[in-house]
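# What the coordinates show
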Amino acid sequence: MLADKVQIQQVVLNLMRNAIDAMEDSPRRELVVAARAADDDMVEVSVTDTGPGISPEVADQLFQPFITTKAHGMGVGLSISRTIIEAHGGRIWVEPNPPGGAIFRFTIMAAPEGELTDGE
């Protein structure tokens, strides 16, 4: 990927922490982080959990500042994540996990072949 490594780590860590928090009271706790090639020279990263999921009403507003599903959350993590991903030319969204929970996905530009050298 062509990205600021620290910023993308911040996004992935935020999504993982949110997933862990969401699964706190769930009988089944599975967290899966994956990456795959996507269309238009993009990479898609997904963070899947088995928590309670997100209602469609909240999902439409989830990436806006100060919107949260947490009792003690500030509602800025996903807004910051969206800003970071969009600054990298990608997009971020959430969808239901069919067995229960949520899947957060984001795309980011893939590095052109030969762009990176060993050690980068």
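Anyway, here's the lowdown on the structure attached to this text. All of these numbers come straight from a predicted model, not from anything done at the bench.

Taken as a whole and judged by the stated rule, the model has one aromatic pair. Taken together, a centroid distance of 6.2 Å and an interplanar angle of 75 degrees make the contact between Phe63 and Phe104 edge-to-face. Taken together, the residues span a long stretch of sequence, with Phe63 in the loop between helix 2 (56-59) and helix 3 (77-87) and Phe104 in strand 4 (residues 102-109) at a distance of 41 residues. A relative accessible area of 9% places Phe63 in the buried class. Under the relative-accessibility criterion, Phe104 is labelled buried at 7%.

The next subject is the side chain of Asp49. In this fold, Asp49 is placed in strand 2 (residues 42-49). Buried within the structure, Asp49 lacks any salt-bridge partner; Arg28 is the closest side chain of opposite charge, at an N-O distance of 8.9 Å.

With that out of the way, let us pick up the environment of Gln61. Inspection of the secondary structure assignment puts Gln61 in the loop between helix 2 and helix 3. Considered as a pair, Gln61 and Ser79 are 18 residues apart in the sequence and their alpha carbons are 9.9 Å apart. Within the structure, Gln61 has its side chain in polar contact with the backbone oxygen of Glu57 (distance 3.5 Å).

Procedures and definitions
- Residues numbered from 1 in each chain as written.
- Predicted model: local features only at pLDDT ≥ 70, side-chain atom pairs only at ≥ 80, totals over all residues.
- Heavy atoms only, no water.
- Phe/Tyr/Trp six-rings, centres within 6.5 Å; stacked < 30°, edge-to-face > 60°.
- Helix = DSSP H or I, 4+ residues; strand = E, 2+ residues; numbered from the N terminus.
- Buried < 20%, exposed > 50% of the residue type's maximum accessible area, 1.4 Å probe, protein only.
- Lys, Arg positive; Asp, Glu negative; His and termini not counted.
- Salt bridge = Lys/Arg side-chain N within 4 Å of Asp/Glu carboxyl O.
- Polar contact = N/O pair within 3.5 Å; in protein donor to acceptor, adjacent residues only side chain to side chain.

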